[in-house]
Structure formats: structure tokens, C-alpha cells
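# Breakdown of the fold
In case you want the letters, here they are:
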Amino acid sequence: MLVGVLALQGAFAAHQRALAECGVLTRQVRVSADLDGIDALVMPGGESTTMSHLLTTSGLFDPLAERIRDGLAVFGTCAGMILLAREVLDGRPDQRSLAAIDITVRRNGYGRQVDSFEADITIDSLAAPFHAVFIRAPKVERIGPAVQVIAAHDDVPVFAREGRVFVASFHPELTPDPRLHSLFLQEV
Ligand code: GLN
């Protein structure tokens, strides 16, 4: 299995480490040719406005949107979640999203004074809780009927999927625990 990691900006190297621990090959994705032959794609945290801009200038935005429409498995974390959401609140006016999962997210929705926090979240299919690191995280404010919430924190969804599109508002790549990556890979 070959898993692409969007490497325009942000925490892509940590995702590559987590995926390597799961025993899969990874490829950094920067231009549309890098999408050829990948079985899945991880979109990291970072800055969604910058990533949106780089997706456009690199010419990757439209080919990526097409691959996702054709059923590519994708896992977006934090800024990656924002880029996959159908609707983004408090985004920059020129910020684009791939509208691949029917959720509304608010950028930096957990507030500036609590920019970062950590919490143990429960995921039904995992025996022990997962330690989740939230950094200027997006907050999910609406989920569509086809979206399945896999984990919530204080009644707010933080890990969800719609078909083969997975999103987390936290950073699973920043803890030495590859269980969420392997959970995603089971669906690829
Ligand atoms: N607040 C960032 C954004 O809007 C996301 C933060 C993150 O990915 N850690 O893109």
C-alpha cells in the first residue's frame, strides 16, 4: 500500500513517521503527478489558509478534488479537516475547501485563550482511550446526516467520517500512538 501525505506545508513528516510505524510506504504529495498510484492520502495540520493557497498555485486543487470524488480514501487532521469540510466559518474570504465531508467547521473554534489543550477521547473500536492534542483546532458546528461521529469531546465531534473521508480536529501524529492511522488504513 502506498499512502500519500500532502506535503505543501505543516506537520507532514510526523504523519509519515506514524504511517511508517503502521508498515506502509508513504510519498510526499506536492504536485498532481504525485497523486498517481497512491491508495490513500493524509492531509496534515498546519495553516489551512496557506495550504489552500498552495493547493491552488501548485495546480493540485482540482486533480485532488477529482481523485476524492472518485473514491480516494483521505484522512485530514486539523487544518486538513478544514480543507475537507463542506463549509468553513471564520475562514479567509479567498480560502477554498474540497467539500468532501458534509460538516461545518469554525477555524480556531476553541477560542484563542485556550489555543491548545489535550484530552483523552474514547473511540469504541479501541480498547484504551486516545490522547488527543488540539492546537488552534477547528470546532465542528454541524454534521450532515451521512456523517458518522467516531469520537466526541464535550459533546462536540472531534473524529468523524463520511464514506472514505476521515477527519480529526486534533493531531494524532503528534503522540507516539499510531492507532488512529491504523484505524484509517483498515478502511483503505
Ligand atoms: N488554525 C489552523 C488553521 O486554520 C489549524 C491549526 C492546526 O492545524 N493545528 O488552519
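Quoted verbatim from the Catalytic activity (unreviewed entry) field of the UniProt record, the comment on the chain reads "L-glutamine + H2O = L-glutamate + NH4(+)".

### Overview of the overall build of the chain
Counting its regular elements, the chain contains 5 helices and 12 strands. The C-alpha atoms of the chain give 15 Å as radius of gyration, which agrees with the globular expectation for 188 residues (16 Å, within 12%). In the chain, 63% of the contacts between residues at least 6 apart in sequence involve partners at least 24 apart. Just so you have it, the chain exposes about 8,200 Å², and 48% of that area is on carbon and sulfur atoms.

### Comments concerning the sheet that holds strand E6 (residues 101-106)
Pairing in this open sheet of 3 strands is mixed, and the strands run E5-E6-E9 from one edge to the other. In this open sheet, the two edge strands, each paired with only one partner strand, are strand E5 (85-89) and strand E9 (139-143). The mean angle between the axes of side-by-side strands here comes to 25°, regardless of whether they run parallel or antiparallel.

### Side note on the pairing of strand E12 (residues 165-168)
Alternating residues of E12 divide into Val165 and Val167 and Phe166 and Ala168, and every residue in both groups is buried. Connecting strand E11 (residues 156-162) to the next strand, E12, in antiparallel fashion are 2 residues, including Gly163 with a positive phi near 60°.

### Considerations on helix H3 (residues 61-69)
Residue pairs three or four apart in sequence face the same way in an α-helix, which turns once every 3.6 residues. Within the span of H3, buried status applies to Phe61, Leu64, Ala65 and Ile68. Burial along H3 is one-sided: seen end-on, the buried residues are contained in an arc of 100°. On its buried side, H3 packs onto strand E3 (40-43), helix H2 (48-57), strand E4 (73-77), helix H4 (79-84) and E12. A positive backbone phi angle near 105° is found at Gly71, which sits one or two residues after H3.

### Comments concerning the site of the ligand
Around the ligand sit Gly45, Gly46, Glu47, Ser48, Cys78, Ala79, Ile82, Arg107, Asn108, Ile135, Arg136 and His171, and that is every residue in its neighbourhood. Take Ala79: an N or O atom from its main chain is 3.1 Å from an oxygen atom of the ligand. One of the backbone nitrogen or oxygen atoms of Arg136 is found 3.0 Å away from a nitrogen atom of the ligand. With the chains in place, 97% of the 300 Å² that the ligand exposes on its own is no longer accessible. Taken together, the residues that form the shell around the ligand break down as 4 nonpolar, 5 polar and 3 charged.

### A word on the packing of aromatic side chains
Overall, the coordinates contain 10 aromatic pairs when judged by the stated rule. By way of ring pairs, the aromatic residues Phe75, Tyr110, Phe117, Phe130, Phe134, Phe159, Phe166, Phe170 and Phe184 are connected into one cluster. Positioned above the aromatic ring of Phe61 is the side chain of Arg96, whose terminal nitrogen or guanidinium carbon lies 3.7 Å from the ring centre.

### Thoughts on the nonpolar core
Within the largest apolar cluster, 33 residues are counted, with the highest numbers of intra-cluster contacts made by Met43 and Leu84. Broken down by secondary-structure element, the contributors of at least two residues to this core are strand E1 (2-6), E3, H2, H3, H4, E6 and E12. Ranked by residue count, the leading element in this core is H4, at 5 residues. Apart from residues no more than four positions distant in its own chain, Met43 is found in contact with Leu6, Leu64, Val74, Phe75, Gly76, Thr77, Gly80, Leu83, Leu84 and Leu98.

### As for the side chain of Asp102
Residue placement: Asp102 occurs in strand E6. A polar atom in the side chain of Asp102 sits 2.8 Å from the side chain of Arg142. Those residues in contact with Asp102, other than ones at most four positions away along the chain, are Arg86, Arg142, Ile143, Gly144, Pro145, Val147 and Glu162.

What counts as what
Residues numbered from 1 in each chain as written. Predicted model: local features only at pLDDT ≥ 70, side-chain atom pairs only at ≥ 80, totals over all residues. Heavy atoms only, no water. UniProt positions renumbered as here; feature names shortened; annotations may be inferred. Helix = DSSP H or I, 4+ residues; strand = E, 2+ residues; numbered from the N terminus. Rg over C-alpha atoms; globule rule 2.2 N^0.38 Å. Contact = heavy atoms within 4.5 Å. Areas by Shrake-Rupley, 256 points an atom, 1.4 Å probe, with all protein chains shown as cover. Pairing = 2+ DSSP bridges. Axes fitted to C-alpha atoms, helices over the stretch in contact; angles between N-to-C directions. Buried < 20%, exposed > 50% of the residue type's maximum accessible area, 1.4 Å probe, protein only. Arc of directions from axis to C-beta. Near = heavy atom within 4 Å. Polar contact = N/O pair within 3.5 Å; in protein donor to acceptor, adjacent residues only side chain to side chain. Nonpolar A, V, L, I, M, F, W, Y, C, P; charged D, E, K, R; others polar. Phe/Tyr/Trp six-rings, centres within 6.5 Å; stacked < 30°, edge-to-face > 60°. Lys NZ or Arg CZ within 6 Å of the ring centre and 35° of its normal. Core = buried A, V, L, I, M, F, W, Y, C linked by side-chain atoms within 4.5 Å.

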